[in-house]
Amino acid sequence: MVILEYIGLLINERLDGLAWCSNLAMSNSDGGWDEFEEHLSNASDQLSEARENYNALTELNADISSVYPAALTEISEKLEEFDTIYTINKKEIEAAEATHQQATMLARLTSAYRRYHEKLLERRITLLREWLDALLTIQDETESNSEYHGQRLDKRLHAATKLVNAGKHTQITSSDRIDLDDLETDIRSMNDSIRTEVSATAYVTVAVALRDTFHEYYTNDLSELVRDVDPKALSVKERVQTAPETDEIVSGIEGEEAIEDHQAETVSEVLSTFYGVALTTGKRRAGYALANDLADAIGPTTDDDLVDELNELARRLKIKEVGDRVATFVDTEATTSDRERIQQLLTEHDGSVSRTLEATELERDAFFALLRELFEDGEIADLEARFE
């Protein structure tokens, strides 16, 4: 038996069938159909956008929860079901509006993930561009034998930059010619070749300037993050502090002292460290933006407690935890109708209306209207009313 604990204050009048019907019913007026069809049209547009974002994420090789393709399928099926409706009332219009809200949220969530992965690509390409330009500068100023190799790398990296500027990030990950892993490997190889081919002084002079450029990316990222993020989450400083010391080498350049090969090798190691740090801080900055975007996307459809929890996780740069909590929300609530949600909660709370009401975000009137619908439709039965 489902025991419904009606609170006395809410049951101060008989649930008159005619009054209840008049509250729910809506004639098939042009205005009703216009509102209904507008919600469905908007939901369809948002669903298309969400699907486009998800397809892009797949091409970007993004690791994204299986909840999202399942949600796309579920909303698509809901829209197909709406196509079979020829008589509408308030219930159908509210269901169409809820589907529009769910599709909008899904579009915003997938857009946030897509932008995150695009930012990671952009940062990596930017840093590789800085590195290759520095190496090409050494080539121009010396008689390095790696000129042809540098020109080929320049063309590949230019193609990647052009695609990013055109917003065609997915073509980068789908192209073998401009694979970023291969590009980075080749640039590192070119760096080692040039370091051994030219004088140590010529290499170190340019490499130290490039190290400072990478350091500037790192400090800019930290200056943006430190205002909102828990300092304990910004642990890259350890990597910077443990990098080999180069002050003496830099002083030697400024004093026009001869630089030895082993010092050039040390600077090369430091250069690689700062490149990795600039990648890491760029990822954390993008991750913080992602976490905030995810929280904003579900904000209109959830309570403040969950949003506050997500914001706190974001502040600690717990980006994976934010993604997991949002995926759980999408899976358990966002793609479930209010009717289905009430049925689930009644089961979870042993039929207690008061506890079920507290677990929803519905207004009391809307909640009891749906409860009455479930009873009238025979989806819940064996009711017992108790006053407290």
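Everything in this summary refers to the structure shown in the same document. (Residues numbered from 1 in each chain as written. Predicted model: local features only at pLDDT ≥ 70, side-chain atom pairs only at ≥ 80, totals over all residues. Heavy atoms only, no water.)

1. Examining the overall build of the protein chain
Scanning the protein chain from terminus to terminus reveals 16 helices and two strands. With 388 residues in all, the protein chain has 44% of them scored as buried. As displayed, the protein chain has an accessible area near 20700 Å², and 44% of this comes from carbon and sulfur atoms. (Helix = DSSP H or I, 4+ residues; strand = E, 2+ residues; numbered from the N terminus. Buried < 20%, exposed > 50% of the residue type's maximum accessible area, 1.4 Å probe, protein only. Areas by Shrake-Rupley, 256 points an atom, 1.4 Å probe, with all protein chains shown as cover.)

2. Considerations on the side chain of Arg 156
Tracing the sequence through the fold places Arg 156 in helix H5 (residues 147–165). Classification of Arg 156 by relative accessible area gives buried; the value is 13%. Filtering out sequence-adjacent residues up to four positions away, Arg 156 remains in contact with Arg 177, Ile 178, Asp 179, Asp 182, Leu 183 and Asp 186. (Contact = heavy atoms within 4.5 Å.)

3. As for the packing of helix H4 (residues 90–141) against helix H8 (residues 200–225)
Orientation of H4 relative to H8, taken along the N-to-C sense of each, is 160°, at an axis distance of 9 Å. By the angle class used here, H4 and H8 are roughly antiparallel. The way H4 lies across H8 gives a crossing that is right-handed. Two secondary-structure elements touch here, H4 through Arg 123, Thr 126, Leu 127, Glu 130, Trp 131, Ala 134 and Ile 138 and H8 through Ala 202, Tyr 203, Val 206, Leu 210, Thr 213, Phe 214, Tyr 217 and Asp 221. Among the residues making up the contact of H4 with H8, the classes are represented as ten nonpolar, two polar and three charged. (Axes fitted to C-alpha atoms, helices over the stretch in contact; angles between N-to-C directions. Parallel < 35°, antiparallel > 145°, perpendicular 65-115°, else oblique. Left-handed = near helix turned anticlockwise from the far one by under 90°. Nonpolar A, V, L, I, M, F, W, Y, C, P; charged D, E, K, R; others polar.)

4. Here's the deal with helix H14 (residues 338–348)
Arg 339, Arg 341, Ile 342, Leu 345 and Leu 346 are the residues of H14 that are buried. Each buried residue of H14 sits inside an arc of 160° when the element is viewed along its axis, so together they form one side. For H14, the exposed residues set more than 90 degrees away from the buried face come down to Thr 347 and Glu 348. Directly after H14, the chain includes Asp 350, whose backbone phi takes a positive value near 55°. (Arc of directions from axis to C-beta.)

5. Description of the packing of aromatic side chains
All told, the structure shown has six aromatic pairs when counted by the stated rule. Judged by centre distance (6.3 Å) and plane angle (75°), the rings of Trp 131 and Phe 214 are edge-to-face. Placement of the pair is Trp 131 in helix H4 and Phe 214 in helix H8, with a sequence separation of 83 residues. We note that Trp 131, like Phe 214, is buried. What links up through ring pairs into an aromatic cluster is the set Trp 33, Phe 36 and Phe 82. (Phe/Tyr/Trp six-rings, centres within 6.5 Å; stacked < 30°, edge-to-face > 60°.)

6. Here's the deal with unusual backbone geometry
The residue Asn 61 is not glycine, and still its phi comes out positive at about 60°. With respect to the element layout, Asn 61 can be found in the loop between helix H2 (30–59) and helix H3 (67–82). Of note, the phi angle at Leu 317 is positive, near 55°, even though the residue is not glycine. Under the relative-accessibility criterion, Leu 317 is labelled buried at 15%.

7. A few points about a negative patch on the surface
A surface patch of negative charge is lined by Asp 34, Glu 35, Glu 37, Glu 38 and Glu 97. Note on placement: Glu 97 falls in helix H4. Taking relative accessible area as the criterion, Glu 97 reaches 33% and is therefore assigned partly exposed. (Patch = residues over 30% accessible without salt bridge, like charges linked within 9 Å, V, L, I, M, F, W, Y side chains within 5 Å. Salt bridge = Lys/Arg side-chain N within 4 Å of Asp/Glu carboxyl O. Lys, Arg positive; Asp, Glu negative; His and termini not counted. Charge placed at Lys NZ, Arg CZ, Asp CG, Glu CD.)

8. Re the pattern of salt bridges
Evaluated as defined, the whole model comprises 18 salt bridges. Arg 115 serves as the salt-bridge partner of Glu 122, at 3.0 Å between the closest nitrogen and oxygen. Given a relative accessible area of 35%, Arg 115 falls into the partly exposed group. A salt bridge links Asp 181 to Arg 124, with the shortest nitrogen-to-oxygen separation between them at 2.8 Å. Highlighted residues: Asp 181 in helix H7 (residues 180–197) and Arg 124 in helix H4, separated in sequence by 57 residues.

9. Here we look at the packing of H4 against helix H11 (residues 261–298)
At a minimum axis distance of 9 Å, the contact between H4 and H11 shows a crossing angle of 165°. When the interaxial angle is binned, H4 and H11 end up roughly antiparallel. Crossing handedness for the pair H4 and H11: right-handed.

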